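# Residue-level structure breakdown
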Amino acid sequence: MKTTGPRSAHIYRATPRNLARLAAALRRGELVAVPTETVYGLAANALDEAACRHIFTAKGRPAQDPLIVHIGHLRELDAIADSNPAALILARKFWPGPLTMVLPKKSAVPGIVSAGLATVAVRLPNHPVFLRLQRLTGLPLAAPSANPFGYVSPTTARHVHDGLGARIKYILDGGPTPIGLESTIVDLRNPRRVRILRPGAVTRDQIAQALGCAVSAPRQRKPAPHAAQLAPGMLTRHYSPRTPVTLHRHLPDSPHDTFATTDAWVFFTRPLHISGKNIFALTSDGSTAAAAHRLFSTLRRLDYKGYRTIHIEEAPNGGLGDAINDRLRRAAARE
Ligand code: AMP
Ligand code: MG
């Protein structure tokens, strides 16, 4: 998304000097966009209520959508949340990594971070640049994706600049994010009723296997448009380009099929006999990891080009394919 108006954000390379400068900005209560292995985040000191309020303003994010708190060591968890044996098993197995746990919140974390909920979402990211910065601050960092609310999440520093360049000052460049999809969120408030709230790169099967118990799938709920209490972050329409997206279980693939040139057609894997300027693929070899890595940058690139509609083929179900299809369904949702 291009924004007009003044551009004040600067993109910083991860040099020791720049990291020290951005750590100081975070300690002063300023916002810094940071790389993680999932997507870029818009970070602030999670213990500073005013700093966290700026996140909501910069993104245009509704106050009822809680933030994820990012820590740099497992030992920092206790200051943020009440842990339990199941949480520790998952932390030891999947941290640092793309797994966010929802746990009872400690009072040091201001209510604005959790949108007033008694629970807080916590993660320890696996990205060397993020960890170097976080460890210089010594602070827990609240960070949602670094994009205007509802738009496609950013997977490069340039994407952050395109969306928030006029609203923030500091963007730390850690290169393209390796995974490219937001973290898996797991509800661990009650260790006997573990539920996935958002699918991601750590799969439900992996979590069930690590815990040795059943894990529920995300609820497919469709909130009423004017529901006073939307389930946090469960907005149906999200991660959306401006161009309408139409989802297909399978795109047509016979040599006689025609593809309107006003539209973009995105295969999961492109059949060899189908090609054209408006024909794209998420992966050349069927790898869901490659497709996840390219999904959001592909959506953005096609959105910038002004097609009438973006047609996308779903990923095969299961594992990371479920996370890709979750984002595709939200991108295609009309409300
Ligand atoms: P984002 O960082 O933009 O991917 O958004 C963070 C998401 O984390 C929110 O939209 C929620 O889906 C989820 N989340 C954060 N805190 C909680 C919580 N306490 N309970 C349930 N979900 C949460
Ligand atoms: Mg987001």
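Residues numbered from 1 in each chain as written. Chains lettered and ligands numbered in written order. Predicted model: local features only at pLDDT ≥ 70, side-chain atom pairs only at ≥ 80, totals over all residues. Heavy atoms only, no water.

Here we come to the overall build of the protein. Helix and strand counts for the protein come out as eight helices and 14 strands. For 335 residues, the compact-globule formula gives about 20 Å, and the C-alpha radius of gyration of the protein, at 20 Å, lands near that figure. Overall, the C-alpha framework of the protein stretches about 60 × 50 × 40 Å when taken along its three principal axes. Of the contacts made within the protein by residues no fewer than 6 positions apart, 67% connect residues no fewer than 24 positions apart. Of the roughly 14,600 Å² of accessible surface on the protein, 53% is carried by carbon and sulfur atoms. Each charge class in the protein was averaged separately, 44 positive and 23 negative side chains, and the resulting centres sit 4 Å apart. (Helix = DSSP H or I, 4+ residues; strand = E, 2+ residues; numbered from the N terminus. Rg over C-alpha atoms; globule rule 2.2 N^0.38 Å. Contact = heavy atoms within 4.5 Å. Areas by Shrake-Rupley, 256 points an atom, 1.4 Å probe, with all protein chains shown as cover. Lys, Arg positive; Asp, Glu negative; His and termini not counted. Charge placed at Lys NZ, Arg CZ, Asp CG, Glu CD.)

This brings us to the pattern of salt bridges. Going through the model one piece at a time under the given rule, you end up with twelve salt bridges. Residues D82 and K106 are paired through a salt bridge, measuring 3.7 Å at the closest nitrogen-oxygen approach. Residue D82 is located in the loop between β4 (68–70) and α3 (85–94), and its partner K106 is located in the loop between β5 (99–104) and β6 (119–123); the two are separated by 24 residues in the primary sequence. A relative accessible area of 36% means that D82 is categorised as partly exposed. Ionic pairing is found between D326 and R330, a salt bridge with its closest N-O pair at 3.2 Å. (Salt bridge = Lys/Arg side-chain N within 4 Å of Asp/Glu carboxyl O. Buried < 20%, exposed > 50% of the residue type's maximum accessible area, 1.4 Å probe, protein only.)

Before going further, it helps to examine the confidence of the model for the protein. Taken as a whole, the protein shows an average pLDDT of 92; of its residues, 92% reach a score of 70 or greater. Below a pLDDT of 50 lies the segment residues 1–5, which in the model reaches eleven contacts outside its immediate sequence neighbourhood of four places, other chains included. The low-confidence segment residues 223–233, where pLDDT is below 50, has 14 contacts with residues more than four positions distant or belonging to other chains. (pLDDT = per-residue confidence, 0-100.)

Moving on, we get to the packing of aromatic side chains. Going through the model one piece at a time under the given rule, you end up with four aromatic pairs. Between F259 and W265, the aromatic rings sit 5.2 Å apart at their centres with planes inclined by 75°, giving edge-to-face as the arrangement. Per residue, the accessibility class of F259 equals that of W265, and both read buried. Relative to F267, the ring of F259 has its centre 5.9 Å away and its plane inclined at 65°; by these criteria the two rings are edge-to-face. Taking relative accessible area as the criterion, F259 reaches 13% and is therefore assigned buried. Taking the relative accessible area as the measure of exposure, F267 reaches 1% and is therefore buried. (Phe/Tyr/Trp six-rings, centres within 6.5 Å; stacked < 30°, edge-to-face > 60°.)

Helix α8 (residues 320–332) packs onto helix α7 (residues 288–305) with a crossing angle of 25° between their chain directions and a minimal axis gap of 9 Å. Of the possible angle classes, the one that applies to α7 and α8 is roughly parallel. In the packing of α7 onto α8, the handedness of the crossing is left-handed. Where α7 abuts α8, its residues T288, A289, A291, A292, L295 and F296 lie against L320, G321, I324, R327 and L328. Its residues assigned to classes, the contact of α7 with α8 comprises eight nonpolar, two polar and one charged. (Axes fitted to C-alpha atoms, helices over the stretch in contact; angles between N-to-C directions. Parallel < 35°, antiparallel > 145°, perpendicular 65-115°, else oblique. Left-handed = near helix turned anticlockwise from the far one by under 90°. Nonpolar A, V, L, I, M, F, W, Y, C, P; charged D, E, K, R; others polar.)

Turning to helix α4 (residues 128–137), a few remarks are in order. Those residues of α4 not exposed but buried are V129, F130, L131, L133, Q134 and T137. In this fold, the buried residues of α4 make contact with α1 (16–27), β2 (32–34), β4, β7 (141–142) and β8 (170–173). Once α4 ends, the next one or two residues include G138, with phi positive near 65°.

Attention now moves to the pairing of β8. In terms of strand pairing, strand β1 (residues 10–13) meets β8 through four bridges, oriented parallel. Paired with Y12 across the bridge in β8 is L172. (Pairing = 2+ DSSP bridges.)

Turning to the sheet that holds β6, a few remarks are in order. Overall, mixed pairing links the ten strands, which are arranged β1-β8-β2-β3-β7-β4-β6-β5-β9-β10 in an open sheet. At either end of the open sheet lies a strand with only one pairing partner, and these are β1 and β10 (195–198). Alignment of β2 against β8, held across two bridges, turns out to be parallel. Within β8, the residue paired with A33 across the bridge is I171. Against the sheet, helix α5 (residues 157–164) touches β1, β2, β3 (41–45) and β8, its axis set at about 165° to β8.

Our next topic: unusual backbone geometry. Going from W95 to P96, the amide bond is cis rather than trans, its omega being -10°. The backbone phi angle of A115 is positive, close to 55°, even though this residue is not glycine. Inspection of the secondary structure assignment puts A115 in the loop between β5 and β6.

Hydrogen bonds between backbone groups are what pair the strands of a sheet, and the pairing can be parallel or antiparallel. Spatially, β11-β14-β12-β13 is the arrangement adopted by the four strands of the open sheet, whose pairing is parallel. What marks the edges here is a single partner per strand, and that holds for β11 (245–248) and β13 (279–281). Strand-to-strand, the axes of this sheet are offset by a mean angle of 20°, without reference to chain direction. Judged from the three bridges that link them, strand β12 (residues 264–267) and β13 form a sheet pairing that is parallel. Bridge assignment links W265 to a residue of β13, and that residue is I279. Across the sheet, α8 lies against β11 and β14 (310–313), angled at about 140° from β11, the strand it touches most.

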